[in-house]
Structures are given as C-alpha cells and as structure tokens.
Amino acid sequence: MTGKLTLALLSDIHCSAAQQAIACVLDTLTEAHLPSADPIKVGYLASAHEPERDYYRQTQVAYAALGAELCCYTDLQQDYSASALQALCQCDAIHLAGGDTFAFLAAIQQRGAMECLQAFAAKGAAMIGLSAGAMLMTPNITSASLCGDHNQVQLDNLSALGLLPYQFVPHVDFSQHGVDISVAAAQLIASQELAQYPLILCADSDALVYREQQLIGFGQPLLFDGVALMALT
C-alpha cells in the first residue's frame, strides 16, 4: 500500500454526512489500490472491551451498506495479542471506534500500539475515526474535554497519532452558531496551539475527510483558529 493517507473524521456514523465521508475514503482506496472485484477490508480497533460486540456489529452493518467488509475486531484490553494488532494493520483501512477518549489513548500507549498505527498510516493507508477515534488521529486529545470526556485514567501524556494538523471536537451543539464552543476552546487551549492546530467542530450531522493535506467537509462543520469561525465545505 503506497498511496496517500486518507482520513475520515466522524461524529455519528449513522448520519448521511458520515456515510458520504466513509464512501469517499473507500472510493479512494478502490481507485488507488484494489482490484474492483475485491472487497475493501476494514479492521476495527475497539476503544474498550465489548463483551457482546454490539458496536462492532452495528458498525459492520454500516460498512456492508457501502460495500466494505468490517473485520479483525481488535480489543486492547481483554484477549489482546500482538498478532491481533499486526493482523489489524494488514487491513486496507482501520476504523477507530468511539468511546472514552482518554481511556482509549491510555490503552494504545500501554500496549505500545502507537508506533504500529503510525506506521500503518505512513504507508499511505486509510483510517476512519468515530468521535474518540477521530480525536486520536489528531496531534493531541486536549479537545476531548470540550465534548464531555473526563481524564478519569489520570493520563499525563495527551499526545495522539498526529496524522493531521488539526484538532477535533465531535457532538457539537451549534444552537449558538459555534460561539459558545469557540469561547470554551479559547479558554482551554492556548492561542498559539489553536493557530498551529485549528479546531474542527462537528455536529452529529457533520463529517469530514482529510486527503492530500486538504479538508473536505460534509454537512456543515466549522473550523476555529482561535480568532474566527470558518465554514468547511
């Protein structure tokens, strides 16, 4: 796999914007890497142990509707093995599940999975992040506090995968047109960091794709650079 890295950042996998963003990523994989007869295989990295794998099965249905096969359920907590992580990284794309962002990053750090995931991305692969999974693709997860996550695992190192030069907040309520969340962001995150890594704001009806160092918005996501709110279309 030697194409260009393509990422999808989702707030809610079931909205039409998310489906469009995933389809955009899958189309890029099909055109660049795969014979048309081969199904795209998407590996699933759980944010926490799923005893009944309910979220995994729901996500399988969403990908199947788009002609892709979700496989390689990988759990960083129970039944973890290095071979399972390696199998995950042999897929055409990886889906990073939603959940507790701080606990998810802590599990990745504890299992030493950061380098494996970064190496996967460096091959020009595709990654789809849902909520917490999307935040993990950014330089750090400081913004997780803005969507209600709490650092209950007392994680000191908030550095994440760093696959794109933006921060991300899912589940945004735009009833105040983004003003309230931008004020909260400016209070939480230093202005220099917001200028370097602007904040992507997504409601549950929004999504975006990062490809060839460009952002493609689906729905009406906004970008906040510490000074102004801008539309992403």
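Report on the accompanying structure. (Residues numbered from 1 in each chain as written. Predicted model: local features only at pLDDT ≥ 70, side-chain atom pairs only at ≥ 80, totals over all residues. Heavy atoms only, no water.)

Attention now goes to the sheet that holds strand β1 (residues 6-10). The strand order across the open sheet built from 7 strands is β3-β2-β4-β5-β1-β8-β9, with neighbouring strands paired in mixed fashion. Sheet topology places β3 (68-74) and β9 (214-218) at the edges, where each strand pairs with a single neighbour. Adjacent strand axes in the sheet meet at a mean angle of 20°, parallel and antiparallel pairs treated alike. Where β1 lies against strand β5 (residues 126-130), 5 bridges are found, and the strand directions are parallel. Within β5, the position partnered with L9 by the bridge is G129. Along the sheet, helix α2 (residues 54-64) contacts β2 (40-45), β3, β4 (93-96) and β5; its crossing angle with β3, the most-contacted strand, is approximately 160°. (Pairing = 2+ DSSP bridges. Helix = DSSP H or I, 4+ residues; strand = E, 2+ residues; numbered from the N terminus. Axes fitted to C-alpha atoms, helices over the stretch in contact; angles between N-to-C directions. Contact = heavy atoms within 4.5 Å.)

Next up on the list: α2. Given 3.6 residues per helical turn, the α-helix brings residues three or four places apart onto the same face. Inspection of α2 places Y56, T59, A62 and Y63 among the buried residues, and these make up the whole buried set. Considered in projection along α2, the buried side chains sweep an arc of 120° and stay on one side of the axis. On the buried face of α2, the contacting elements are α1 (16-32), β2, β3, β4 and β5. (Buried < 20%, exposed > 50% of the residue type's maximum accessible area, 1.4 Å probe, protein only. Arc of directions from axis to C-beta.)

Moving on: helix α7 (residues 179-188). Of all the residues in α7, the buried ones are I181, S182 and A185. Buried residues of α7, viewed axially, fall in a sector of 100°; they line one side. Elements that come into contact with the buried residues of α7 comprise α8 (191-196), β7 (199-201), β10 (222-224) and β11 (229-231).

With 4 of 5 residues buried, strand β8 (residues 207-211) lies mostly within the body of the structure. Relative to β8, β1 runs antiparallel, the two sharing 5 bridges. Bridge pairing in β8 places L9 opposite L208. Sheet topology note: the β8/β9 ladder contains 5 bridges and is antiparallel. Across the sheet, residue A207 finds its bridge partner in β9, namely F218. If you look at the hairpin formed by β8 and β9, you'll find 2 residues sitting between the two strands, and E212 has a positive phi there, around 55°.

On to the pattern of salt bridges, then. Counted under the stated rule, the structure contains 2 salt bridges. Where E69 meets K41, a salt bridge forms, and the shortest distance between an N and an O atom there is 2.7 Å. Separated by 28 residues along the polypeptide, E69 in strand β3 and K41 in strand β2 bring together distant segments of the chain. The partly exposed category is assigned to K41, whose relative accessible area is 35%. (Salt bridge = Lys/Arg side-chain N within 4 Å of Asp/Glu carboxyl O.)

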